[in-house]
Protein chains: 2
Amino acid sequence: MGIDSKGKGLLIVLSGPSGAGKGTVCSALRKRVSETELIYSVSATTRQPRQGEVDGVNYFFKTRDEFEGMIDRGELLEWARYVDNYYGTPRRFVEEQLNQGRDVLLEIEVQGAKQVKERFPEGVFIFLLPPSLDELRSRILERGTETEETVKDRMNVAVDELEQVYHYDYVVVNDRVESACGRVRSILTAEHCKRERLFHNQPDWLEGL
Amino acid sequence: MGIDSKGKGLLIVLSGPSGAGKGTVCSALRKRVSETELIYSVSATTRQPRQGEVDGVNYFFKTRDEFEGMIDRGELLEWARYVDNYYGTPRRFVEEQLNQGRDVLLEIEVQGAKQVKERFPEGVFIFLLPPSLDELRSRILERGTETEETVKDRMNVAVDELEQVYHYDYVVVNDRVESACGRVRSILTAEHCKRERLFHNQPDWLEGL
């Protein structure tokens, strides 16, 4: 990535309301950007591994005690509890990759992104936006067997999440996955060209030029 | 360009030391980005039109009196005098395009860019960098029949110009024209995705979503 290739990598946080299409955009990115350029953060969880899942690849599988120890020692960039299981982002994995100059992508819920922002404000925060509220409603409906009440609840949650956009650096509208994916890649490239980032990493590069 | 398409366009200032390859990168951009997406600023000059040059296309051709009037009335974003002729960037043309939501590209010397920065700080300032001082020297030599003394002078000027990099938002290394061109386009895309720019243009877009 040019003259800051020896510097630290970027932490890119991709978030947005459910229904914005975070997972789809991330899969598209995975297909287009090689692992040498962009690393996908591996989450930790206390849930049981499913068939074929590999520790350290799909998740870091932890016992409840281990996970709670990580929380206590501040070893997680963010964490949450869903039903009976913990999920979180180990800080160490992310920092190791960044220190080796690799960019790391975190695809994450709005609440988690808020925690990451507090603990890692130098990250690049991208908010993925559905093209319209109507489209968001259809996407929530498509997810399957929701009652009218659940859809209403989900919509309300989504609107609350939309208000978090004010804490983000960039907004990407997910009108078409291809375009959204291209915009995220452009943001990555542009961030690497930022003068301040360049000088933060290599204040004396002018001498070396 | 997504949800701020109704807003103002961006003024992109591409500058850098002579020998960085500003002209080459701009020609490459012109070939790849259509005029509906990116407008190239038309300069004003007092020099005589050459065969085939069209007023308002290649330059705005002005008399010396007209040009000095524009200077006095602050109608130029930047101007300079080379030998016996004035050259400058009319503010009106740029602002008309921006108000119509079009991005405008200014390819300009470092001194001119400094003037634009003072008069138009909301522009996006990109500094084009040669890959190395050795490469810069070869490029200056390639320009033709320079004496050793002139080359030395030009190198000194270039190094002075390099120090202006501190006033820019982005730094793009012109290692290969294709890559440099791609980076500039990525910067444009990313700037359009900036949350603050979005809200500056359309503070109430959330309601309309």
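Residues numbered from 1 in each chain as written. Chains lettered and ligands numbered in written order. Predicted model: local features only at pLDDT ≥ 70, side-chain atom pairs only at ≥ 80, totals over all residues. Heavy atoms only, no water.

(A) How the structure looks around the overall build of chain A. A tally of helices and strands in chain A yields nine helices and nine strands. For 209 residues, the compact-globule estimate of 2.2 N^0.38 gives 17 Å, and chain A sits close to it at 18 Å. Relative to its full complement of 209 residues, chain A shows a buried share of 49%. Carbon and sulfur atoms make up 45% of the accessible area of chain A, which amounts to about 10,700 Å² in all. Chain A carries 29 positive and 36 negative side-chain charges, and their two centres are separated by 2 Å. (Helix = DSSP H or I, 4+ residues; strand = E, 2+ residues; numbered from the N terminus. Rg over C-alpha atoms; globule rule 2.2 N^0.38 Å. Buried < 20%, exposed > 50% of the residue type's maximum accessible area, 1.4 Å probe, protein only. Areas by Shrake-Rupley, 256 points an atom, 1.4 Å probe, with all protein chains shown as cover. Lys, Arg positive; Asp, Glu negative; His and termini not counted. Charge placed at Lys NZ, Arg CZ, Asp CG, Glu CD.)

(B) Structural view of the UniProt feature "binding site: ATP" (unreviewed entry) in chain A. All names here are of chain A. Within this numbering scheme, the UniProt entry marks Gly16, Pro17, Ser18, Gly19, Ala20, Gly21, Lys22 and Gly23 as carrying the feature "binding site: ATP" (unreviewed entry). Tracing the backbone shows Ser18 in the loop between strand 1 (11–15) and helix 1 (22–32). With near-sequence residues (within four places) excluded, Ser18 lies in contact with Leu136, Ile140, Arg143 and Glu161. Here Gly23 lies in helix 1. Under the relative-accessibility criterion, Gly23 is labelled partly exposed at 33%. (UniProt positions renumbered as here; feature names shortened; annotations may be inferred. Contact = heavy atoms within 4.5 Å.)

(C) Geometry of the relation of the copies chain A and chain B. Superposing chain A onto chain B requires a rotation of 180° together with a translation of 0.0 Å along the rotation axis, leaving an RMSD of 0.0 Å. The superposition operator between the copies reduces to a two-fold rotation axis. Taking C-alpha positions as the reference, the residue of chain A nearest the rotation axis is A:Ser186, at 2.1 Å. Both copies share a contact surface, since 100% of the interface residues of chain A are interface residues in chain B too. (Least-squares fit on C-alpha atoms with pLDDT ≥ 70 in both.)

(D) Structural context of the side chain of B:Thr89. All names here are of chain B. Examined against the element boundaries, Thr89 turns out to sit in strand 6 (residues 85–90). Given the relative accessible area of 2%, Thr89 is considered buried. Within the structure, the side chain of Thr89 is placed 2.5 Å from the side chain of Glu78, a separation counted as a polar contact. Ignoring anything within four residues of it in the chain, the contact list for Thr89 reads Ser41, Glu75, Leu76, Leu77, Glu78, Val94, Leu106 and Ile108. (Polar contact = N/O pair within 3.5 Å; in protein donor to acceptor, adjacent residues only side chain to side chain.)

(E) Representation of the pattern of salt bridges within the structure. Residues and elements named next belong to chain B. A full pass over the atoms with the stated rule returns 22 salt bridges over all chains. Here Arg91 and Glu95 are joined by a salt bridge, their closest N and O atoms 3.1 Å apart. A residue pair is termed a helical-turn pair when its members lie 3 or 4 positions apart in one helix, as Arg91 and Glu95 do in helix 3 (residues 91–99) at four residues. Given a relative accessible area of 29%, Glu95 falls into the partly exposed group. Close ionic contact of Asp134 with Arg137 constitutes a salt bridge, the shortest N to O distance being 3.3 Å. (Salt bridge = Lys/Arg side-chain N within 4 Å of Asp/Glu carboxyl O.)

(F) Highlighting the packing of aromatic side chains. Per the stated rule, a full pass over the model turns up 16 aromatic pairs over all chains. Pairing B:Phe60 with B:Phe93 gives two aromatic rings, centres 5.9 Å apart and planes at 65°, and the pair type is edge-to-face. Of this pair, B:Phe60 sits in strand 4 (residues 59–61) while B:Phe93 is found in helix 3, placing the two residues 33 residues apart along the sequence. For B:Phe60, a relative accessible area of 21% gives the class partly exposed. Within the aromatic cluster, the residues linked to one another by ring pairs are A:Tyr59, A:Phe61, A:Tyr82 and A:Tyr87. Of note, A:Arg81 hangs over the ring of A:Tyr86, and the distance from its end group to the ring centre comes to 5.2 Å. The ring of B:Tyr40 has B:Arg30 sitting right over it, with the charged end atom 4.3 Å from the ring centre. (Phe/Tyr/Trp six-rings, centres within 6.5 Å; stacked < 30°, edge-to-face > 60°. Lys NZ or Arg CZ within 6 Å of the ring centre and 35° of its normal.)

(G) Here's a closer look at the interface of chain A and chain B. Taken residue by residue, the interface counts 30 residues in chain A and 30 residues in chain B. Interface area for chain A against chain B, summed over the two sides, is near 2,700 Å², with a carbon-plus-sulfur share of 73%. On inspection of chain A and its partner chain B, the count reaches eight residue pairs in polar contact (both at pLDDT 80 or more). Put simply, the parts of the chain that give the side of chain A that touches chain B at least two residues each are strand 9 (170–173), helix 7 (177–193), helix 8 (195–201) and helix 9 (205–208) of chain A. The element that contributes the greatest number of residues to the side of chain A that touches chain B is helix 7 of chain A, accounting for six residues. Across the side of chain A that touches chain B, the residue classes tally to 22 nonpolar, three polar and five charged. (Buried area = accessible area lost by both parts, 1.4 Å probe. Nonpolar A, V, L, I, M, F, W, Y, C, P; charged D, E, K, R; others polar.)

(H) View of the sheet that holds strand 1 (residues 11–15) of chain B. All names here are of chain B. The strand order 2-7-1-8-9 describes an open sheet built from five strands, whose pairing is parallel. Edge positions in the open sheet fall to strand 2 (38–40) and strand 9 (170–173), since each of these has one partner strand only. Adjacent strand axes in the sheet meet at a mean angle of 25° when their direction is disregarded. Of the strand pairs in this sheet, strand 8 (residues 124–129) and strand 9 are connected by four bridges, and their pairing is parallel. Pairing of Ile126 across the sheet is with Tyr170, part of strand 9. (Pairing = 2+ DSSP bridges. Axes fitted to C-alpha atoms, helices over the stretch in contact; angles between N-to-C directions.)

(I) Here's a closer look at the nonpolar core. Membership of the largest hydrophobic core comes to 48 residues, with the highest contact counts inside it found for A:Ile126 and B:Ile126. Leave out the neighbours within four places in its chain, and A:Ile126 touches A:Ile12, A:Val13, A:Leu14, A:Ser15, A:Tyr168, A:Tyr170, A:Val172, A:Val184 and A:Ile187. Core analysis: the second largest hydrophobic core is formed by 30 residues, A:Leu11, A:Val13, A:Tyr86 and A:Val116 among them. (Core = buried A, V, L, I, M, F, W, Y, C linked by side-chain atoms within 4.5 Å.)

(J) Geometry of the pairing of strand 8 of chain B. All names here are of chain B. The buried count for strand 8 comes to six of six residues, which makes it a mostly enclosed element. Judged by which residues are buried, strand 8 turns out to be covered on both faces: Val124, Ile126 and Leu128 on one side and Phe125, Phe127 and Leu129 on the other are all buried. Two elements, strand 1 and strand 8, share four bridges in a ladder whose sense is parallel. Among the inter-strand pairings, Leu14 is bridged to a residue of strand 8, identified as Ile126.

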